[in-house]
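Fold and contact review
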Amino acid sequence: MSVPQAERGSDPPGGKRRPHGMLKLYYGLPDPSGEALAGPPWGDLGGPTDINGPHFDPEVFLTKLRKECSLSQLMDCETDMVKQIRALDSDMQTLVYENYNKFISATDTIRKMKNDFKKMEDEMDCLAANMAVITEFSASISSTLQDQHVQITKLSGVHALLRKLQFLFELPARLTKCVALEAHRQAVCYYSKAHSILHQYQHMPSFRGIQDDCQKIMADLAQKLREKFRDGGSGAKDLAECVELLLQLGEPAEELCDEFLSHAHCRLEAELQALEAELGEGQQLCMAVPATDILEFTDRGCNSFVSNMCLVIASYQELFINREGAQAISCMAHEKLVAFVDGLMEHYFALVERRIQLERCVGDNSLLVRALDRFHRRLQALAKLLPASRSAAKGTEIVVRAAKERIRQYLQALQSFYVDCLTDVRQSLAAPRLIGKDSPNLAELLGTISASILNQIKSVLTYVHLFTAKDITFSNKPYFKGEFCSQGVREGLIVSFIKSICQTARQFCESTGDKGGFTPPALLLLLSRLCLDYETSTISYILTLTDEQFLVQDHSPVTPVTGLCAEAREAAQKLLNHYVKVQGLIVSQMLRKSVETRDWVTTIEPRNVRAVMKRVVEDATSIDVQVGLLYEEGVRKAQSSDSSKRTFSVYSSSRQQSRYAPSYTPSAPMDTNLLSNIQKLFSERIDIFSPVEFNKVSVLTGIIKISLKTFLECVRLRTFGRFGLQQIQVDCYYLQLYLWRFVSDENLVHFLLDEIVGSTAHRCLDPVPMEQSVIEVICERG
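Residues numbered from 1 in each chain as written. Predicted model: local features only at pLDDT ≥ 70, side-chain atom pairs only at ≥ 80, totals over all residues. Heavy atoms only, no water.

1. Section: the overall build of the protein chain
Heads up, the condition is: Runs of E in the DSSP output that reach at least two residues are strands. Runs of H or I that reach at least four are helices, and both are numbered from the N terminus. We call a residue buried when its accessible area falls under 20% of the maximum for its residue type, exposed when it is over 50%, and partly exposed in between, using a 1.4 Å probe and counting protein chains only. Should any heavy atoms of two residues lie within 4.5 Å, those residues are considered in contact. To measure how exposed things are, a 1.4 Å probe is used in the Shrake-Rupley method; for residues, cover is taken only from the protein chains shown.
Helix and strand counts for the protein chain come out as 27 helices and 0 strands. Burial analysis of the protein chain (782 residues in total) assigns 41% to the buried set. Long-range contacts, defined here as pairs at least 24 residues apart, represent 80% of the contacts in the protein chain between residues at least 6 apart. Of the accessible surface of the protein chain, which amounts to about 43,100 Å², a share of 56% is contributed by carbon and sulfur atoms.

Spelled out as structure tokens, the structure:
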């Protein structure tokens with residue numbers, strides 16, 4: 001309800017009127033704003049003229065106003081008072097409006113209180129009258145029975161004693177009736193009440209007879225309860241009642257515990273024997289491969305043995321451990337239960353481990369992981385029932401060992417797969433030669449083996465990753481969050497496999513024999529490129545993939561990527577060096593036999609290039625094509641415009657004559673060995689078996705160096721005639737026409753061929769060289 005502006009009065013200069021200010025001031029309440037209503041400036045504070053004070057006198061106030069104030073001041077005072085009166089009226093009206101419901105409710109409450117108090121007064125008056133009557137009657141009864149109180153007390157005691165005696169005399173009959181009605185708990189309760197009294201007065205014949213009868217009845221009852229307890233067919237509630245009654249009858253708790261565990265042991269042992277028989281039968285029938293999968297075996301063990309073990313634990317705890325007021329029995333019973341459970345679980349764990357060891361298939365891992373997960377889940381339930389047992393911890397250890405064994409099996413599978421891939425490559429390289437076809441493309445073989453190995457690694461990582469899946473209960477164990485990922489998968493599986501690849505590659509370099517043992521040179525070349533690809537990209541990719549799939553939370557040291565890459569590069573280098581050596585030895589063998597099996601002193605005048613030289617050029621061309629499939633071209637030194645003619649000057653007759661003729665001219669004797677040695681001082685040293693680079697030019701250079709060096713050493717061991725020298729000239733010229741294009745520096749071929757011709761001339765009995773034009777004609781014709 002709004003209040004008209006005329007009734008509310010005007011607002012104070014502050015802009016908004018303080019609510020309820022006047023009423024609070026009137027009733028002596030403090031003002032929250034800290035301001036007081038302004039009075040006239042001429043009023044004495046606290047005096048009769050203080051309009052806001054308690055001692056205000058209107059007559060004195062008006063008299064003082066008329067005396068001291070002018071007319072205008074009186075009018076101002078009147079105006080101010082009117083405003084304050086209107087403000088008070090407005091505040092009072094607002095207060096009434098705001099608290100109207102409260103006033104109405106307070107009025108109703110007061111009215112009800114008046115009525116209730118009136119009724120209460122009447123009731124209190126009635127109660128006081130009743131209490132007075134009760135007091136009067138009590139006093140009358142006390143005065144009447146005061147003389148007979150002692151006698152009544154004695155009679156009451158005698159009556160209670162007679163009732164007890166009556167109960168004792170009727171006890172055998174009552175016990176017999178309770179046993180007949182199978183009210184065993186009631187019979188034990190009766191006997192427990194009377195047992196102490198009968199024992200106390202057993203020296204009296206009458207009580208002795210009652211005690212003997214009761215003991216005989218309770219002995220029969222105890223026998224019945226024992227038979228019911230041993231039967232085991234009763235429910236848990238009936239068994240609990242049997243144990244409780246037997247304990248109340250004084251039966252030894254330890255014997256009851258042993259008897260309960262003995263019956264449970266027989267049942268559980270039978271289930272274990274059934275599992276063992278199933279496992280043994282599967283091994284006999286299937287050569288260590290069980291008839292049922294591991295998931296079915298685990299389900300059978302968990303649903304039968306482990307579930308029944310949990311039921312036994314729960315029943316035993318309810319019977320013997322979770323009993324109030326029997327702390328000593330509980331401790332003894334708990335120790336027996338822990339020993340009982342651990343003993344049977346050891347047998348069960350042995351069967352489970354035997355079954356896990358039969359899982360040798362390295363394909364899909366899901367059945368094994370699911371079986372281990374269910375096995376672990378059931379053991380967690382058992383651990384909640386019996387925390388003191390170490391079954392859960394031992395079960396986790398079994399899971400960890402199974403995971404480690406699985407990693408070891410997958411590592412062996414990867415290594416076997418790698419060996420099989422190498423066998424397939426060997427067969428692919430050997431098959432075309434057997435049927436007379438061209439060798440397969442090494443680049444395609446490399447791509448195939450690389451993709452196969454990488455896909456196999458990815459598959460194995462997928463299988464192993466199941467151990468760390470979120471829905472697997474044991475995946476949150478510390479081992480599977482840390483050590484399994486870092487030391488197991490990364491180090492034990494991936495890093496070990498990469499190292500085995502490098503180790504296998506190095507073993508190929510240890511083969512002996514002039515032709516590299518049984519290892520095809522093409523396989524050496526392919527493996528060197530495979531290791532080089534691993535060093536450049538594959539190792540980083542595989543380890544990054546492993547780290548992403550297995551988020552390692554373990555800070556144990558791991559093998560760095562750079563170390564593995566260095567090992568792979570070292571293996572690639574050894575393989576390539578060995579390839580160069582093997583191919584060089586193959587060509588060298590041909591050259592050596594061609595030199596050693598010929599009589600160079602009596603040979604006829606050369607008319608053709610020997611076939612072995614053509615074979616050398618053909619092999620060099622074949623090796624060039626083979627290496628070019630896997631390695632880049634490489635860098636060559638700047639070559640002359642016509643290398644053949646430039647080299648030809650080395651074998652020209654004029655130079656050869658000027659070089660060797662002085663040795664055989666009587667007027668100018670000179671040691672030709674000295675000339676050769678002086679010439680070698682100013683020539684660059686050639687390292688025949690230096691490490692090769694990863695490119696085609698370097699590989700071919702190494703092979704040609706080994707071949708020509710072998711040719712040179714074979715020449716130095718033979719003696720030549722005139723035509724023998726000329727045949728070597730023709731062969732060397734033919735070689736220089738074709739070999740220079742394969743090497744990084746054509747001067748290297750020039751130098752070695754020059755050394756061969758020079759050494760031949762030194763070993764020649766009649767060193768007369770062939771004309772260069774004739775050599776060219778023969779080589780062009782050949």
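2. Concerning helix H24 (residues 696–716)
Rules: Multiply 1.5 Å by the residue count of a helix minus one, and that product is the helix's expected span. Under the rule applied, a polar contact is a pair of N or O atoms within 3.5 Å (in protein, one hydrogen donor and one hydrogen acceptor; residues adjacent in sequence only if both atoms are side-chain atoms).
End to end, H24 covers 30 Å across 21 residues, agreeing with the expected 30 Å (1.5 Å per residue, within 8%). Counting buried positions along H24 yields 17 of 21 residues, so the element is predominantly enclosed. At the N-terminal end of H24, a side-chain oxygen is found 3.4 Å from the backbone nitrogen of Val-697, two or three residues along, and the residue is Asn-695.

3. Structural notes on the nonpolar core
Which entries qualify depends on this criterion: Among the buried residues, those of types Ala, Val, Leu, Ile, Met, Phe, Trp, Tyr and Cys that are joined through side-chain atoms within 4.5 Å form a nonpolar core.
With 181 residues, the main nonpolar core has Met-309, Phe-340, Tyr-348, Phe-484 and Phe-711 as its most contacted residues. What Phe-484 contacts, discounting residues up to four positions off in sequence, is Ala-403, Ile-407, Val-464, Phe-467, Thr-468, Tyr-479, Val-489 and Phe-550.

4. What about the packing of helix H12 (residues 327–357) against helix H13 (residues 366–385)?
What counts, and what does not: Between the N-to-C directions of two axes lies an angle of 0 to 180 degrees, each axis being a line fitted to C-alpha atoms and, for a helix, fitted only over the stretch in contact. In this scheme, roughly parallel covers angles under 35 degrees and roughly antiparallel covers those over 145, while 65 to 115 is roughly perpendicular and the rest are oblique. Residue type decides the class: Asp, Glu, Lys and Arg count as charged, Ala, Val, Leu, Ile, Met, Phe, Trp, Tyr, Cys and Pro as nonpolar, and the leftover types, Gly among them, as polar.
At a minimum axis separation of 13 Å, H12 and H13 run at an interaxial angle of 175°. Our classification of the angle between H12 and H13 gives roughly antiparallel. Facing Val-341, Met-345, Tyr-348, Phe-349, Val-352 and Ile-356 of H12, the residues of H13 in contact are Leu-372, Phe-375, Leu-379 and Leu-382. Each residue belonging to the contact of H12 with H13 can be placed in one class, and the counts come to 10 nonpolar, no polar and no charged.

5. Points about the side chain of Asp-533
Secondary-structure assignment places Asp-533 in helix H18 (residues 521–549). Ignoring any residue separated from it by four or fewer positions in sequence, one finds Asp-533 in contact with Leu-446 and Thr-538.

6. Re the packing of aromatic side chains
Quick note on the threshold: Here a pair means two rings of Phe, Tyr or Trp (six-membered ring of Trp) with centres within 6.5 Å. Their orientation is stacked below 30 degrees between planes, edge-to-face above 60, and tilted elsewhere. Look at NZ for Lys and CZ for Arg. If either is within 6 Å of the ring centre and within 35 degrees of the ring normal, a charge sits over the ring.
Applying the stated criterion across every chain yields a total of 18 aromatic pairs. On the basis of an interplanar angle of 55° and a centroid distance of 5.7 Å, the ring pair of Phe-467 and Phe-484 is categorised as tilted. Of this pair, Phe-467 sits in the loop between helix H15 (442–465) and helix H16 (478–481) while Phe-484 sits in helix H17 (residues 483–509), and the two are 17 residues apart along the sequence. This pair shows no difference in class: Phe-467 is buried, exactly as Phe-484 is. A centroid spacing of 6.5 Å and a plane angle of 65° characterise the contact between Phe-484 and Phe-550, whose relative ring orientation is edge-to-face. Within this pair, whereas Phe-484 is found in helix H17, its partner Phe-550 is found in the loop between H18 and helix H19 (561–596), the two being separated by 66 residues in sequence. What links up through ring pairs into an aromatic cluster is the set Phe-467, Phe-474, Tyr-479, Phe-480, Phe-484 and Phe-550. The cationic tip of Arg-598 hangs over the ring face of Trp-600; the distance from NZ or CZ to the ring centre is 5.3 Å.

7. A look at a nonpolar patch on the surface
Our working definition: Candidates for patches are residues over 30% relative accessible area with no salt bridge; among them, like charges are joined within 9 Å and nonpolar side chains (Val, Leu, Ile, Met, Phe, Trp, Tyr) within 5 Å. Definition used for salt bridges: Asp or Glu carboxyl oxygen within 4 Å of a side-chain nitrogen of Lys or Arg.
Residues Met-113, Phe-117, Met-120, Met-124, Leu-127, Met-131 and Ile-134 make up a contiguous nonpolar surface patch of about 700 Å² in total accessible area. On the secondary structure map, Ile-134 appears in helix H5 (residues 100–145). In this structure Ile-134 comes out as exposed when scored by relative accessible area, which is 51%.

8. A word on the environment of Gln-549
If you trace the backbone, Gln-549 turns up in helix H18. Accessibility expressed as a relative area gives 27% for Gln-549, which makes it partly exposed. Sequence separation between Gln-549 and Thr-462 is 87 residues; the distance between their C-alpha atoms is 8.7 Å.

9. Notes on the environment of Lys-574
On the secondary structure map, Lys-574 appears in helix H19. For Lys-574, a relative accessible area of 37% translates into the label partly exposed. Spatially, the C-alpha atoms of Lys-574 and Val-692 are 9.5 Å apart, while their sequence positions differ by 118 residues. Lys-574 has contacts with Arg-506 and Cys-509, leaving out every residue within four places of it along the chain.

10. Regarding the state of the cysteines
For the record, the criterion: Any cysteine sulfur atom paired with another within 2.5 Å is treated as part of a disulfide.
The tally for this structure, following the rule as stated, stands at 0 disulfides. Considering cysteine sulfurs only, Cys-502 is the nearest to Cys-565, which forms no disulfide, with 9.5 Å between them.

11. Examining the confidence of the model for the protein chain
The condition is simple: On a range of 0 to 100, pLDDT expresses the predictor's confidence in each residue.
Scored by pLDDT, the protein chain has a mean of 78; 77% of the residues are at 70 or more. Contacts for the low-pLDDT stretch residues 32–38, under 50 throughout, to residues beyond four places or in other chains number 10 contacts. Throughout residues 643–672 the model reports pLDDT below 50, and contacts reaching past four residues in sequence, or to other chains, amount to 57 contacts.

12. Things to note about helix H26 (residues 746–762)
Taking 1.5 Å of rise per residue, the 17 residues of H26 would be expected to cover 24 Å, and the 24 Å separating its terminal C-alpha atoms lies within 8% of that figure. Among the 17 residues in H26, 14 count as buried, and that is most of the element.

13. A word on a negative patch on the surface
Here is the rule: In this count, Lys and Arg are taken as positive residues and Asp and Glu as negative ones, while His and the chain termini are left out. For this purpose, a charge sits on NZ of Lys, CZ of Arg, CG of Asp or CD of Glu.
A surface patch of negative charge is lined by Glu-121, Asp-122, Glu-123 and Asp-125. For Glu-121, a relative accessible area of 52% corresponds to the exposed category.

14. Concerning the side chain of Gln-317
Following the sequence through the fold, Gln-317 ends up in helix H11 (residues 294–321). Apart from the residues within four sequence positions on either side, Gln-317 is in contact with Asn-322, Leu-337, Leu-385 and Leu-386.

15. Topic: the pattern of salt bridges
Using the criterion set out here, one finds 29 salt bridges in the structure. Here Lys-574 ties to Glu-570 by a salt bridge, and the two come within 3.6 Å at their closest N and O atoms. Of this pair, Lys-574 and Glu-570 both sit in helix H19, 4 residues apart, which is roughly one turn of that helix. With a closest N to O distance of 3.0 Å, Glu-596 and Arg-592 form a salt bridge. In this pair, Glu-596 and Arg-592 are both assigned in helix H19, 4 residues apart and thus about one turn of the helix distant.

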